[in-house]
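Chain residues, written in single-letter form:
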Amino acid sequence: MSEQDNGKNDHNEPTRRDFLYLSTGMAAAVGAVGVAWPFIDQMNPDAATRAAGEPIEVNVSSLEPGGHVIVKWRGKPYFVRYLTDDEVVAADELTAGDMKDYAPVDTRLGGPTDEAKKWVVVSANCTHLGCVPQVVDSKPEGWACACHGSVFDTTGRILRGPAAVNLPKPPYVFANETTLVIGTDQA
Ligand code: FES
């Protein structure tokens with residue numbers, strides 16, 4: 001497992017690898033808003049600046065339904081997952097009795113348009129003790145945490161295990177159909 005997975009590399013200098021972990025083998029691009037990639041290292045931001053956390057752009061054009069990536073924002077990993085229609089239906093069929101921290105599926109999904117609300121952007125740190133859960137392709141289950149057995153649905157809602165609350169969502173917005181911006185909810 002990478003150093004990022006245990007969340008202990010917050011003070012390392014950021015590198016391209018730090019900002020993007022492909023879990024599907026698909027290409028995706030991430031950069032600070034309005035700033036080309038190479039500038040991130042050139043700027044060599046101090047710890048306070050990194051902690052403040054500029055929004056990041058994620059080019060999701062290469063992700064197809066069922067695809068997922070992990071990106072890093074404010075030194076923490078976040079899941080970006082593009083659900084299939086079947087995964088959306090399966091998540092929608094869950095009821096309050098199926099989970100520990102009920103939230104309507106609509107509150108867990110985002111997208112560039114209402115018709116395309118099939119995207120999940122959530123923290124990749126388990127809400128139990130912070131491990132990074134593994135993606136599972138077993139709708140409605142979407143992630144399983146190997147540390148102590150918490151299982152989350154495909155929208156990051158806790159179904160069972162010791163974690164008590166859902167994977168939190170960062171502020172995010174879709175600037176357009178292919179550009180996800182994490183770190184702001186302002187279009
Ligand atoms: S850290 Fe995930 S279940 Fe304990």
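Scope of this entry: the structure provided in the associated data block. (Residues numbered from 1 in each chain as written. Predicted model: local features only at pLDDT ≥ 70, side-chain atom pairs only at ≥ 80, totals over all residues. Heavy atoms only, no water.)

Tallying secondary structure elements over the chain gives four helices and 12 strands in all. By residue count, 44% of the 187 residues in the chain fall in the buried class. Partitioning the contacts of the chain with sequence separation of at least 6, the portion at a separation of at least 24 is 54%. Total accessible area on the chain is roughly 9,100 Å²; 51% of this is exposed by carbon and sulfur atoms. (Helix = DSSP H or I, 4+ residues; strand = E, 2+ residues; numbered from the N terminus. Buried < 20%, exposed > 50% of the residue type's maximum accessible area, 1.4 Å probe, protein only. Contact = heavy atoms within 4.5 Å. Areas by Shrake-Rupley, 256 points an atom, 1.4 Å probe, with all protein chains shown as cover.)

If you look at the biggest cluster of nonpolar residues, it comprises 17 residues, and the most contacted ones within it are Phe-79, Val-120, Val-122, Trp-143, Phe-152 and Leu-167. Apart from the residues lying within four places of it in its own chain, the contact partners of Phe-79 are Val-69, Ile-70, Val-120, Val-121, Val-122, Ser-123, Ala-124, Val-132, Pro-133, Trp-143 and Leu-167. Counting 16 residues, the second-largest nonpolar core is a separate cluster that includes Tyr-78, Tyr-172, Phe-174 and Leu-180. (Core = buried A, V, L, I, M, F, W, Y, C linked by side-chain atoms within 4.5 Å.)

On the basis of which strands lie adjacent, the open sheet formed by four strands has the order β7-β8-β9-β10 and antiparallel pairing. Strands at the two margins of the open sheet, each flanked by one partner only, are β7 (134-138) and β10 (158-160). Within the sheet, the average angular offset between the axes of one strand and its neighbour, ignoring direction, is 35 degrees. Bridge count for β7 against strand β8 (residues 141-144) is three bridges, and the pairing is antiparallel. Bridge pairing in β8 links Val-135 to Trp-143. (Pairing = 2+ DSSP bridges. Axes fitted to C-alpha atoms, helices over the stretch in contact; angles between N-to-C directions.)

Here we come to the environment of Gln-186. Along the chain, Gln-186 falls in the segment after β12 (179-182). A C-alpha to C-alpha distance of 6.7 Å links Gln-186 and Val-173, two positions 13 residues apart in sequence. A polar contact is formed between the side chain of Gln-186 and the side chain of Asp-185, at a distance of 2.9 Å. (Polar contact = N/O pair within 3.5 Å; in protein donor to acceptor, adjacent residues only side chain to side chain.)

All chains considered together, the criterion is met by one disulfide. Paired by a disulfide, Cys-131 and Cys-147 hold their sulfur atoms 1.9 Å apart. With the S-S dihedral at roughly -95 degrees, the linkage between Cys-131 and Cys-147 falls on the left-handed side. Taken together, the positions of Cys-131 in the loop between β6 (119-123) and β7 and Cys-147 in the loop between β8 and β9 (151-153) put the pair 16 residues apart, joining distant regions of the chain. Since its relative accessible area comes to 21%, Cys-131 is described here as partly exposed. (Disulfide = S-S within 2.5 Å.)

Let's shift gears to the pairing of strand β5 (residues 76-82). Counting buried positions along β5 yields six of seven residues, so the element is predominantly enclosed. Pairing geometry for strand β4 (residues 68-73) and β5, over six bridges, is antiparallel. Each bridged residue has a counterpart across the sheet, and for His-68 the counterpart in β5 is Arg-81. Hairpin remark: β4 followed by β5, antiparallel, with two residues in the connecting loop; positive phi at Arg-74, about 55 degrees. Pairing of β5 with β6, which is carried by five bridges, proceeds in the antiparallel orientation. Pairing of Phe-79 across the sheet is with Val-122, part of β6.

With that settled, consider the side chain of Arg-108. Within the secondary structure, Arg-108 sits in the loop between α4 (85-93) and β6. For Arg-108, which is buried and forms no salt bridge, the nearest opposite charge comes from Asp-153, at a distance of 5.8 Å. A distance of 3.4 Å separates a polar atom in the side chain of Arg-108 from the backbone oxygen of Gly-156. In contact with Arg-108, other than residues within four places in its own chain, are Ala-103, Trp-119, Val-120, Val-122, Thr-155, Gly-156, Arg-157, Asn-166, Leu-167 and Lys-169. (Lys, Arg positive; Asp, Glu negative; His and termini not counted. Salt bridge = Lys/Arg side-chain N within 4 Å of Asp/Glu carboxyl O.)

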